[in-house]
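Fold and geometry: a report
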Amino acid sequence: QKPVDLSQFQRTYEKFDTIINERVEITKHGVVDGFGVVAKQFLTRGDTICDPGAVLCRANRTILSLEDSHHFIMLQCHGTQPSYFKIHSFDLEDPHRVARTFYLNEARGDLVPNIRWKHKYYQQRNHLFWEILRDIHPGEELLVIY
């Protein structure tokens, strides 16, 4: 197993953290339920946004679903090896310690999702990305199907 280059990890984290902070914010105003994530700027269909707070974990079991708690969720990852992203809520007061994915609301009823989760390999790590399914305007909530 290769040793982890923490300086490379830190640079990648800071890069994605800067991008996500520029593009979206967590709020409790004008969202479907509780807290939600809204666009701060125009998001174009087909673009992706990485949530650097999501941590990929290898699973020993093959059946995983979205498991909720007050502090984290586990999001199943489909691929050759069973795995999941552990998504922490950390501390809402410090936006650099929050996995924004934790605060995405589900598109329920007549609401249509405007993003979907996908994972991509980048800089020797798997990262959780949000793919923009249609153009999203500033102030509009990002919604996903769990």
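Residues numbered from 1 in each chain as written. Predicted model: local features only at pLDDT ≥ 70, side-chain atom pairs only at ≥ 80, totals over all residues. Heavy atoms only, no water.

Side note on the packing of aromatic side chains
- Following the criterion strictly, the structure yields 3 aromatic pairs and no others.
- Ring centres 5.7 Å apart and planes at 85° place the aromatic pair F16 and F129 in the edge-to-face group. On the criterion of sequence distance, the pair formed by F16 in helix α1 (residues 6-23) and F129 in strand β10 (residues 125-132) is long-range, its members being 113 residues apart. For the pair F16 and F129, one class covers both residues: buried.
- For the ring pair F102 and Y103, a centre distance of 5.0 Å and an interplane angle of 70° mean the geometry is edge-to-face.
- By relative accessible area, which is 18% here, F102 ends up buried. (Phe/Tyr/Trp six-rings, centres within 6.5 Å; stacked < 30°, edge-to-face > 60°. Helix = DSSP H or I, 4+ residues; strand = E, 2+ residues; numbered from the N terminus. Buried < 20%, exposed > 50% of the residue type's maximum accessible area, 1.4 Å probe, protein only.)

Quick look at the confidence of the model for the chain
- Per-residue confidence for the chain gives a mean pLDDT of 78; residues scoring 70 or more make up 66%.
- Across the chain, strand β2 (residues 36-39) holds the top mean pLDDT of 96, while strand β5 (residues 67-68) sits lowest at 46.
- When the criterion is pLDDT under 50, residues 61-71 qualifies, and its contacts beyond four places in sequence or with other chains add up to 26 contacts. (pLDDT = per-residue confidence, 0-100. Contact = heavy atoms within 4.5 Å.)

A short note on the side chain of E131
- Checked against the element boundaries, E131 lands in strand β10.
- Relative accessible area serves as the criterion here: at 14%, E131 is assigned to the buried category.
- At 2.7 Å, the side chain of E131 and the side chain of R116 are in polar contact. (Polar contact = N/O pair within 3.5 Å; in protein donor to acceptor, adjacent residues only side chain to side chain.)

Overview of the nonpolar core
- Counting residues in hydrophobic clusters, the biggest one holds 19 residues, and the most contacted among them are V24, L43, L104, I115, W130 and L142.
- The residues contacting L43, other than those within four sequence positions of it, are R23, V24, I49, I132, R134, D135, I136 and L142. (Core = buried A, V, L, I, M, F, W, Y, C linked by side-chain atoms within 4.5 Å.)

Some remarks on the sheet that holds β10
- Spatially, 3 strands are ordered β3-β10-β9 in an open sheet, and the strand pairing comes out antiparallel. Because the sheet does not close on itself, it has two edges, and the strands there are β3 (48-51) and β9 (115-122). With direction set aside, neighbouring strand axes in the sheet form an average angle of 40°.
- Both β9 and β10 contribute to a ladder of 8 bridges, which runs antiparallel. Along β10, the bridge assignment pairs Y121 with N126. (Pairing = 2+ DSSP bridges. Axes fitted to C-alpha atoms, helices over the stretch in contact; angles between N-to-C directions.)

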